Amino acid sequence: SVDTACRRLTASWVRDKAASDPESTPLCEFFESFDRAASAGDLASFMPPGVYTLADLRSLGRERRICPYFLARQMVKYANVVVYSYQYLLDPKVASIVSREMQKECVVVFDEAHNIDNVCIEALSVSVRKQTLEGAERNLRRISQEIDRFKATDANRLRAEYNRLVDGLAQRGNLPISDAWLANPSLPDDILKEAVPGNIRKAEHFLAVLKRLVRFLDGRLETENVENEMPVSFVASIHSQAGIDQRMLRFCYDRLHSLLLTLEITDTDEFMHIQTICDFATLIGTYSRGFSIIIEPYDDRMPEVRDPVIQLSCHDASLAIQPVFDRFQTVVITSGTLSPIDLYPRLLNFNPVISRSFTMSLTRDCICPMVLTRGSDQLPVSTKFDMRSDPGVVRNYGRLLLEMASSVPDGIVCFFVSYSYMDGIVNSWNEMGILQDIMQHKLVFIETPDVVETTLALDNYRKACDCGRGAVFFSVARGKVAEGIDFDRHYGRLVIMFGVPFQYTLSKILRARLEYLRETFQIKEGDFLTFDALRQAAQCVGRVIRSKADYGMMIFADKRYSRHDKRSKLPGWILSHLHDAHLNLSTDMALHTAREFLRRMAQPYDKAGSGGKKTLLTEEDLQDMARDAMEM
């Protein structure tokens, strides 16, 4: 990987070796240039003031012969605005490397934060499979060989590491920038202020502890039944069967990190498996609440295939975000689909100072949401488990798409509740001849779990829309496309949400989380499941409208959307355009509404708006507003 290749050229021990033997030890000229500039305090001259994307940073690095990665990491502390992924703040392993220099006065804005609770939970969850344990055993054999080699050639390094561990891990913060690894996965700082337990200070003793831990986990994977344990009882069973106490577990990740640096190991990817085991150990040794350990011998959906997994599942999103609230003065959580807004403070366990929901300011009604509850034959449509395989429902969904494909120009995006449901319904449409009829009007492209295939399908979908042929894109709620791809302008004139995208409710992890939310935050199971499904549905249909000049239609094709308890959880900007007349439509009524809407959108209009409906501000408007604010 890039990370490993970089470390081979920039690690401090590689550079020390190059100083004594420059002929046989290659170095990175880009990093050396960065290091010279950083030592001279001259980095600012390499990066003139401006706005830099990743592509800009790469071209700047190529032009000035300096490493753009390390330059960006160093210049983050001087930037006025930094745009990056949530993980750089929420994942403790990454945050302490990248975001350590941020000041308390910084304003943190989590944009598109409708899924922030899931991001927090994923940052603190770990899965261990058979392959992980086999990889960890290989890693331990390699580390053992390296320890023997160092004992023979440079025993002083191991002795120096032992002495440092006696004093505690706090010195770790002074590592060169090129040696910094992912930090401790748990959050409390007090771990670094303690001395490492005596029985894992010596490298070979620590290795013996890890071997016992791997053997213990391997034994737990042999189960034939689903097991659900709390961290306290799991740690107690590790102590009784493997002789590893809680304090040793807490230090596993840092002790491994220290050992790999001492052994001068640059290939971080090769040791990914043992890092996962130490990550798991540190988390169960640190937290006693908000987690559960679930051991499953097979996936419920494929019981005939044995695939055992130990999942350390975090249920409390507030654990990952709390340090952000503690560290920064102002934190803003915002999204177009943050609805209902009052549930987020309960999920993240904080008291908001200000909670506001804003309406969209539009010059015309350019959004047309509809709830379709039945087909042209008046049979109700739904993806409820007892109805989804009904031939009448499948046929009505197919007829709906066919009618829309014949009337709506350019691109249509369809979202299904899962990959398996999409596969089943597309096969049925193919057998009924509906798919062939749809392809008379538009080409059909399908999202798959494979990223490369999906990227190619999206690219060809856009080409079909650009050349005027028009296309239909089949996608899945909670998939990559639903979260990150915009279907603006002619790429998305209509989006159809087939069904309500509830999570797989038989999932053991979901059941454990629902139980935790009910007991800790008094959030009912039904409320959370409906909230989660509706935010995903809103996220899917929101792909279609990306600017004030854009327009698009949304069809919620399921009879359950007509119920107030479901519908009311949609964002305000969708509800404000969802008229009563569009709440209980059949396919032919929806088709009539779509034609009327498209005819209306074809009329010329004033893009900037005028009078009381002004929505695009000019520079003069902003200056007037600033003047009014100063006078007040």
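The chain has the name DNA 5'-3' helicase in an unreviewed UniProt entry, where Aegilops tauschii subsp. strangulata is given as its organism. Quoted straight from UniProt, the Sequence similarities (unreviewed entry) entry for the chain says "Belongs to the helicase family. RAD3/XPD subfamily."

Visitor: Tell me about the overall build of the chain, and name the residues and values.
Guide: Check the secondary structure of the chain and you find 29 helices and 13 strands. Against the compact-globule benchmark of 26 Å for 632 residues, the chain has a radius of gyration of 28 Å, which places it among compact chains. Over its C-alpha atoms, taken along the principal directions, the chain stretches across nearly 85 × 65 × 50 Å. Sorting the 632 residues of the chain into buried and exposed places 49% on the buried side. Accessible area for the chain stands at about 30,500 Å²; split by element, carbon and sulfur atoms hold 52% of it.

Visitor: Give a detailed account of the pattern of salt bridges, specifying residues and quantitative values.
Guide: Scanning the entire structure with this criterion turns up 36 salt bridges. When the shortest N-O distance is used, the salt bridge between arginine 149 and glutamate 146 registers 2.8 Å. On the criterion of helical spacing, the pair formed by arginine 149 and glutamate 146 is a turn pair, its members being 3 residues apart in helix 9 (residues 130–153). Here the salt bridges do not stand alone but share partners, grouping Asp117, Arg478, Arg513, Asp532 and Arg535 into one network.

Visitor: Explain the environment of arginine 15 to me, using residue names and the numbers behind them.
Guide: Considering the arrangement of structural elements, one finds arginine 15 in helix 2 (residues 12–20). A residue is classified by how much of its surface remains accessible, and arginine 15, at 21% relative accessible area, is partly exposed. If we skip the residues at most four places from it in the chain, arginine 15 touches Leu9, Thr10, Leu27, Phe31, Glu32 and Asp35. One polar contact links arginine 15 to glutamate 32, side chain to side chain, over a distance of 2.9 Å. Here aspartate 35 takes part through its side chain, which lies 2.7 Å from a polar atom of the side chain of arginine 15.

Visitor: An account of the pairing of strand 9 (residues 443–446) is requested, with residue identities and associated values reported.
Guide: Direction of pairing for strand 9 relative to strand 10 (residues 471–476): parallel, over a ladder of 4 bridges. Residue pairing for strand 10: valine 444 is matched across the bridge by valine 472. As for the winding sense of the linkage, the β-α-β connection from strand 9 through helix 22 (residues 451–466) to strand 10 is right-handed.

Visitor: Go over the sheet that holds strand 10 with me, naming the residues and quoting the values.
Guide: If you walk across this open sheet you meet the 7 strands as 9-10-8-11-12-7-13, and the pairing is parallel. In this open sheet, the two edge strands, each paired with only one partner strand, are strand 9 and strand 13 (585–586). When strand 7 (residues 367–374) meets strand 12 (residues 552–557), the two strands line up parallel, connected through 6 bridges. Paired with cysteine 368 across the two strands is methionine 553, which belongs to strand 12. Each of strand 7, strand 8 (411–416), strand 10, strand 11 (494–498) and strand 12 is contacted by helix 19 (residues 391–407), which is oriented at about 180° to strand 11, the strand it contacts most. The strands touched by helix 25 (residues 525–541) within the sheet are strand 8, strand 11 and strand 12, with strand 11 carrying the most contacts at an inclination of about 155°.

Visitor: I'd like a rundown of the UniProt feature "domain: Helicase ATP-binding" (unreviewed entry) in the chain, residues and numbers included.
Guide: In this structure's numbering, the residues bearing the UniProt feature "domain: Helicase ATP-binding" (unreviewed entry) are residues 1–162. Across residues 1–162 one finds 61% helix and 5% strand; the C-alpha atoms that close the span lie 31 Å apart.

Visitor: Any chance you could break down the state of the cysteines for me, citing the residues and the numbers?
Guide: By the definition in use, this model includes 0 disulfides. Note on cysteine 278: no disulfide assigned, nearest cysteine sulfur contributed by cysteine 252 at a separation of 5.0 Å.

Visitor: Can you break down the domain arrangement of the chain residue by residue, with the values?
Guide: Partitioning the chain into structural domains gives domain 1 (2–83), domain 2 (130–224 + 233–288) and domain 3 (367–602). The straight-line distance from the C-alpha centre of domain 1 to that of domain 2 is 30 Å. Residue-level contacts link 14 residues of domain 1 with 13 residues of domain 2. For the pair domain 1 and domain 2, the summed buried surface comes to about 1,200 Å²; carbon and sulfur atoms form 53% of the total. Counting the surface domain 1 buries against domain 2, the share from its top three residues, Thr4, Arg7 and Trp13, is 55%. Along the contact surface separating domain 1 from domain 2 lie 1 salt bridge.

Visitor: Break down the sheet that holds strand 2 (residues 126–129) for me, citing the residues and quoting the values.
Guide: Taking strand neighbours across the sheet as the criterion, the 4 strands line up as 2-5-4-3 in an open arrangement whose pairing is antiparallel. At either end of the open sheet lies a strand with only one pairing partner, and these are strand 2 and strand 3 (227–229). The sheet shows a mean angle of 15° between the axes of neighbouring strands, direction not considered.

Visitor: Explain unusual backbone geometry to me, and be specific about the residues and the numbers.
Guide: For the bond running from serine 339 to proline 340, omega is -5°, close enough to zero to count as cis. With respect to the element layout, proline 340 can be found in the loop between strand 6 (330–333) and helix 18 (343–348). Here glutamate 112, not a glycine, exhibits a phi torsion of approximately 50°, which is positive.

Visitor: Tell me about the nonpolar core, and name the residues and values.
Guide: One finds Phe110 and Ile321 to be the most contacted residues of the largest nonpolar core, which totals 87 residues. Residue contributions to this core peak at 9 residues, all from helix 12 (residues 203–220). Here this core spans two domains, and each of domain 2 (130–224 + 233–288) and domain 3 (367–602) adds at least three residues to it. Not counting the four nearest positions on each side in its chain, phenylalanine 110 is found in contact with Tyr86, Leu89, Leu90, Ile116, Ile321, Val324, Val331, Val332, Ile333 and Thr334. One finds Leu401, Val444, Phe445 and Tyr551 within the second-largest nonpolar core, a separate group that totals 82 residues.

Visitor: Explain a nonpolar patch on the surface residue by residue, including any values.
Guide: Taken together, the side chains of Val107, Val109 and Val332 make up a nonpolar region of the molecular surface, amounting to roughly 240 Å² of accessible area. Position of valine 109 relative to the elements: it lies in strand 1 (residues 107–110).

Visitor: Pulling in residues and values, what's your account of helix 5 (residues 68–75)?
Guide: Turning to helix 5, its buried residues number three or more, namely Phe70, Leu71, Arg73 and Met75. For helix 5, the secondary structure elements touched by its buried residues are helix 1 (2–10), helix 3 (29–39), helix 4 (54–64) and helix 7 (92–98).

Visitor: If you had to explain the packing of helix 15 (residues 252–262) against helix 16 (residues 272–286) to someone new, which residues and values would you point to?
Guide: Working note: a packed helix pair is described by the angle between its axes plus the distance between those axes. The N-to-C vectors of helix 15 and helix 16 enclose an angle of 145°; their axes lie 7 Å apart at closest approach. When helix 15 is examined against helix 16, the residues Cys252, Tyr253 and Leu256 are found in contact with a partner set consisting of Ile274, Gln275, Cys278, Asp279, Ala281 and Thr282. A per-class count over the contact of helix 15 with helix 16 returns 6 nonpolar, 2 polar and 1 charged.

Visitor: Pulling in residues and values, what's your account of the packing of aromatic side chains?
Guide: Each pair of aromatic rings is reported with the distance of its centres and the angle of its planes. Following the criterion strictly, the structure yields 26 aromatic pairs and no others. Plain terms: the ring middles of phenylalanine 325 and phenylalanine 350 are 4.9 Å apart, the flat faces sit at 40° to each other, and that makes the pair tilted. A residue pair is termed long-range when its members are at least 10 positions apart, and phenylalanine 325 in helix 17 (residues 318–327) and phenylalanine 350 in the loop between helix 18 and strand 7 qualify at 25 residues. Taken together, a centroid distance of 5.5 Å and an interplanar angle of 70° make the contact between tyrosine 461 and phenylalanine 473 edge-to-face. Of this pair, tyrosine 461 sits in helix 22 while phenylalanine 473 sits in strand 10, placing them 12 residues apart in sequence. A single burial state applies to tyrosine 461 and to phenylalanine 473, both of which are buried. Ring-pair connections join several aromatic residues into one group, and the members of that group are Tyr397, Phe416, Tyr421, Trp429, Phe474 and Phe498. In this arrangement the basic side chain of arginine 462 is found over the ring face of tyrosine 491, its NZ or CZ atom lying 5.2 Å from the centre.

Conventions we followed
- Counting restarts for each chain: residues are numbered from 1 in the order of the written sequence.
- In keeping with the predicted nature of the model, local features appear solely for residues at pLDDT of at least 70, side-chain atom pairs appear and are counted solely at 80 or more, and the whole-chain, interface and lining totals rest on all residues.
- Note: side-chain values were computed over all heavy atoms of the structure, leaving out hydrogens and water.
- UniProt positions are given in the numbering used here, feature names are shortened, and annotations may be inferred rather than shown by experiment.
- Here a strand is any run of E in DSSP of at least two residues, a helix any run of H or I of at least four, and the numbering for each starts at the N terminus.
- Radius of gyration here is computed from C-alpha atoms only, and the compact-globule reference equals 2.2 Å multiplied by the residue count raised to the power 0.38.
- Categorising residues by exposure relies on relative accessible area from a 1.4 Å probe, with only protein chains included: less than 20% of the type maximum marks a residue as buried, more than 50% marks it as exposed, and the intermediate range marks it as partly exposed.
- All accessible-area figures derive from a Shrake-Rupley calculation using a 1.4 Å probe, and residue coverage is judged against the displayed protein chains alone.
- Every case where a carboxyl oxygen of Asp or Glu lies within 4 Å of a side-chain nitrogen of Lys or Arg is listed as a salt bridge.
- Here a residue-residue contact requires only that any non-hydrogen atoms of the pair lie within 4.5 Å.
- Think of a polar contact as two N or O atoms within 3.5 Å of one another; within protein, one of them needs to be a possible hydrogen donor and the other a possible acceptor, and neighboring residues in sequence only count if both atoms come from side chains.
- Two strands are counted as paired when DSSP detects at least two bridges linking them.
- Crossovers are described as right-handed under a simple rule: with the strands pointing away from the observer, the path leading from the first strand over the helix to the second runs clockwise.
- Throughout, an axis means a line fitted to C-alpha atoms (over the contacting stretch in the case of helices), and angles, computed between N-to-C directions, take values from 0 to 180 degrees.
- When two cysteine sulfur atoms are found within 2.5 Å, that pair is recorded as a disulfide.
- Where each domain begins and ends is defined by an automated method or by a domain database.
- What counts as buried area is the accessible surface, traced by a 1.4 Å probe, that two parts surrender upon association, with contributions from both included.
- Among buried residues, the Ala, Val, Leu, Ile, Met, Phe, Trp, Tyr and Cys ones that are joined through side-chain atoms within 4.5 Å form a nonpolar core.
- Exposure above 30% relative accessible area and the absence of a salt bridge qualify a residue for a patch, where like charges join within 9 Å and nonpolar side chains (Val, Leu, Ile, Met, Phe, Trp, Tyr) within 5 Å.
- Gly is placed with the polar residues, together with every amino acid not listed as nonpolar (Ala, Val, Leu, Ile, Met, Phe, Trp, Tyr, Cys and Pro) or charged (Asp, Glu, Lys and Arg).
- Each Phe, Tyr or Trp ring (for Trp, its six-membered ring) is paired with any other whose centre lies within 6.5 Å, and the angle between the two planes then decides the class: stacked below 30 degrees, edge-to-face above 60, tilted in between.
- Note on criteria: charge over ring means Lys NZ or Arg CZ within 6 Å of the ring centre, with the direction from the centre no more than 35 degrees off the ring normal.

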